[in-house]
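# Observations on the three-dimensional arrangement
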Amino acid sequence: MTQSDKPVKSMGANTMWGGRFASGPDAIMTAINASIGFDQRLYAQDIAGSRAHAAMLAACAIITDGDAEAIREGLLTVLSEIEAGKFTFRTDLEDIHLNIESRLTEIVGEPGKRLHTGRSRNDQVAVDFRLWVRDQCDAAIQGLTTLMQAFLTQAEAGADWVMPGFTHLQVAQPVTWGHHMLAYVEMLGRDRSRFADARKRMNESPLGAAALAGTGFPIDRHMTAAALGFDRPTANSLDSVSDRDFALEFLSASAICATHLSRFAEELVIWSTAQFRFVKLSDKWTTGSSIMPQKKNPDAAELLRSKIGRILGATVALFTVMKGLPLTYSKDMQEDKEQVFDAADTLMLSLAAMTGMVSDTTANREALKTAAASGYSTATDLADWLVRALGLPFREAHHVTGRLVALAESKGCDLPDLTLVEMHSAHTGITQEVYSVLGVENSVRSRVSYGGTAPDQVRAQIARWKATLA
């Protein structure tokens, strides 16, 4: 036998499942097969699931109360070792489940070997991962709530501050700063509801589905489900061990949320330029240049703008893993966790950073108002007045207004600067009253339809959202 033909002795057969195998796996196989490098993050969920399982086994007289108590105490010891940084994670034991079970058996002996009765690593990882993702949904909901409150604070401060509203990044109509901030509250509110909906759907326990077919032991799956805070056990054992919809939903909700964060980050980048001067970013969230001393770069906003790439990449990766898998469990599914872990970390960091940026951003009220009056932003108000006051069909009013915009543009002035005589060149019925609708303040006050930009409407929406979040 050549050296390359020899089995790898350093690893040995895995003592937890190695009865079928005469020798240990190749070192490269061990490296590609092991997940302990990342799934150790599931230690708390794994121990919680095992404690619930052991208590149920005793309640169902499958193991003795003494064994269950030894397992419970042993698992608490393992938990304390991990949290104290004294636990040795072993690659040859592959994953967090075998690492914990092996250490438990070292501590309590024979009872530790009884823990795995009536379950499989397939349902074990499914419940661990589901518990972890459920916790992340809760964290995302809390992070979104805090961020929404920061936007509400900005909205309340500037409920009647006039600014330009844009389409195609061109000045369209005057709006208020508060109305613009509330647009993001609405987006984040939908994100919050998506995580809540996903959490509700995932709140079923796969524990007890075993490898794929259930178990012949008289277990009580409703008991373990209740102990772990699930609404009910899953209803099909095949689906239980092969389902990763909960992870895909979490990633999808995270990607949409990150898109919203990216949009506001882009606005902050634009608004903080010398050309716009709409906002001043805090020193906490900006950096300087190594060569240009005058620079104040919106690096935090730029980084937040890019985080969608990581989260969307994770989403696409997991969809790609899952798209062609036959029922039930396949080892491909080990590739689910790193994607979700990274996306969750990225999302929570992004939410925290955006909350800080929104809280510390100062709006330039005068610059906002000046910009709101530019670009013939009250042209629609003029057209609406022509309809209301003169009874013109809107399309005719649109045409008359267009002629007046062209006239103002040729004279290098804004619509309110045109004389009444000049207005008559487009339509002789125009009266002095028209000037009452051409100011930006008048414009925003007139937008009183539900959800409009009028300050009273903005304040009503702020009050609604405060009550909702409370």
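The following paragraphs examine the structure supplied in this document. (Residues numbered from 1 in each chain as written. Predicted model: local features only at pLDDT ≥ 70, side-chain atom pairs only at ≥ 80, totals over all residues. Heavy atoms only, no water.)

## Regarding the overall build of the protein chain
Along the backbone of the protein chain there are 19 helices and six strands. Compactness check: the protein chain gives a C-alpha radius of gyration of 31 Å against a globular reference of 23 Å for 470 residues, more than 25% above the reference. Its C-alpha atoms put the protein chain at 100 × 55 × 40 Å along the principal axes. Classification of the 470 residues of the protein chain by burial places 48% in the buried group. Total accessible area on the protein chain stands at roughly 22000 Å², and carbon and sulfur atoms take up 54% of it. Computed over 47 positive and 55 negative side-chain charges, the separation of the two mean positions in the protein chain equals 2 Å. (Helix = DSSP H or I, 4+ residues; strand = E, 2+ residues; numbered from the N terminus. Rg over C-alpha atoms; globule rule 2.2 N^0.38 Å. Buried < 20%, exposed > 50% of the residue type's maximum accessible area, 1.4 Å probe, protein only. Areas by Shrake-Rupley, 256 points an atom, 1.4 Å probe, with all protein chains shown as cover. Lys, Arg positive; Asp, Glu negative; His and termini not counted. Charge placed at Lys NZ, Arg CZ, Asp CG, Glu CD.)

## Considering unusual backbone geometry
Each neighbour pair has its own omega, and for Leu-327 with Thr-328 the value is 5°, a cis peptide bond. Residue position: Thr-328 is located in the loop between α12 (299–322) and α13 (337–360). In this structure, Glu-94 is a non-glycine residue whose phi angle is positive, near 70°. Among the structural elements, Glu-94 can be located in the loop between α4 (65–83) and α5 (96–108). Positive phi, normally seen in glycine, also occurs at Arg-277, with a value near 55°. Within the secondary structure, Arg-277 is located in the loop between α11 (245–271) and β5 (279–280). According to the relative accessible area criterion, Arg-277 is partly exposed, its value standing at 49%.

## Considerations on the nonpolar core
Side chains of a nonpolar character, in soluble globular proteins, are inclined to be buried together. One finds Phe-151, Trp-177, Phe-195, Phe-264, Trp-271 and Val-340 to be the most contacted residues of the largest nonpolar core, which totals 93 residues. Of the residues forming this core, the biggest block, 16 residues, is contributed by α11. Each residue touching Trp-271, except ones within four places of it in the same chain, is listed here: Met-163, Trp-177, His-180, Met-181, Phe-264, Phe-276, Arg-277, Phe-278 and Val-279. Leu-392, Leu-415, Met-423 and Val-437 belong to the second-largest nonpolar core, a separate cluster that totals 21 residues. (Core = buried A, V, L, I, M, F, W, Y, C linked by side-chain atoms within 4.5 Å. Contact = heavy atoms within 4.5 Å.)

## Remarks on the packing of aromatic side chains
What the rule picks out here adds up to 13 aromatic pairs. Both rings, one in Phe-264 and one in Trp-271, keep their centres 6.0 Å apart while their planes meet at 85°; by these two values the pair is edge-to-face. Comparing Phe-264 with Trp-271 shows no difference in burial state: the two are buried. Seen in terms of ring centroids, Trp-271 and Phe-278 are 6.3 Å apart; in terms of plane orientation they differ by 45°. Their pairing is tilted. The burial state of Trp-271 is the same as that of Phe-278; both residues are buried. Aromatic rings pair up to connect Phe-151, Phe-166, Trp-177, Tyr-184, Phe-264, Trp-271, Phe-276 and Phe-278 into one cluster. (Phe/Tyr/Trp six-rings, centres within 6.5 Å; stacked < 30°, edge-to-face > 60°.)

## Comments concerning helix α19 (residues 455–469)
What sets the pattern is the α-helix's 3.6 residues per turn: residues three or four places apart point alike. Look at α19: 21 Å from first C-alpha to last across 15 residues, which is about the 21 Å you get at 1.5 Å a residue. Those residues of α19 not exposed but buried are Pro-455, Gln-457, Val-458, Gln-461, Ile-462, Trp-465 and Leu-469. Taken down its axis, α19 places every buried residue within 155° of arc, on the same side. Along α19, exposed side chains directed more than 90 degrees from the buried face belong to Asp-456 and Ala-467. (Expected span 1.5 Å × (residues − 1). Arc of directions from axis to C-beta.)

## Notes on the pattern of salt bridges
Tallying each qualifying case throughout the model produces 28 salt bridges. Two residues, Arg-447 and Asp-381, come together in a salt bridge whose shortest N-O distance is 2.8 Å. Taken together, the positions of Arg-447 in the loop between α18 (440–446) and α19 and Asp-381 in helix α15 (residues 379–390) put the pair 66 residues apart, joining distant regions of the chain. A salt bridge links Arg-459 to Asp-456, with the shortest nitrogen-to-oxygen separation between them at 3.9 Å. (Salt bridge = Lys/Arg side-chain N within 4 Å of Asp/Glu carboxyl O.)

## Some words on the side chain of Asn-122
Within the secondary structure, Asn-122 is located in helix α7 (residues 121–157). On the basis of relative accessibility, which here comes to 16%, the residue Asn-122 falls in the buried class. When residues no more than four places from it in sequence are discounted, the contact partners of Asn-122 are Ala-210, Ala-211, Val-241 and Tyr-329.

## A few points about a nonpolar patch on the surface
Taken together, the side chains of Leu-212, Leu-238 and Leu-327 define a hydrophobic patch exposed on the protein surface, amounting to about 270 Å² of accessible area. Inspection of the secondary structure assignment puts Leu-212 in the loop between β3 (204–205) and α9 (221–227). Classification of Leu-212 as partly exposed rests on a relative accessible area of 37%. (Patch = residues over 30% accessible without salt bridge, like charges linked within 9 Å, V, L, I, M, F, W, Y side chains within 5 Å.)

## Structural notes on the environment of Ile-63
Here Ile-63 shows up in the loop between α3 (43–59) and α4. Sequence separation between Ile-63 and His-260 is 197 residues, and the spatial gap between their C-alpha atoms is 51 Å. Setting aside its immediate chain neighbours within four residues, Ile-63 contacts Ala-54, Leu-57, Ala-58, Ala-68, Ile-71 and Arg-114.

## Some words on the packing of α7 against α11
Axis separation between α7 and α11 bottoms out at 10 Å; the angle between their running directions is 20°. Classed by the angle they form, the pair α7 and α11 counts as roughly parallel. Of the two elements, α7 crosses α11, and the hand of that crossing is left-handed. Contacts between α7 and α11 pair Ala-126, Phe-129, Arg-130, Val-133, Gln-136, Cys-137, Leu-144, Leu-147 and Phe-151 from the former with Phe-246, Ala-247, Phe-250, Cys-257, Leu-261 and Phe-264 from the latter. Here the contact of α7 with α11 is built from residues that sort into 13 nonpolar, one polar and one charged. (Axes fitted to C-alpha atoms, helices over the stretch in contact; angles between N-to-C directions. Parallel < 35°, antiparallel > 145°, perpendicular 65-115°, else oblique. Left-handed = near helix turned anticlockwise from the far one by under 90°. Nonpolar A, V, L, I, M, F, W, Y, C, P; charged D, E, K, R; others polar.)

Shape is all these values report; function is a separate question.
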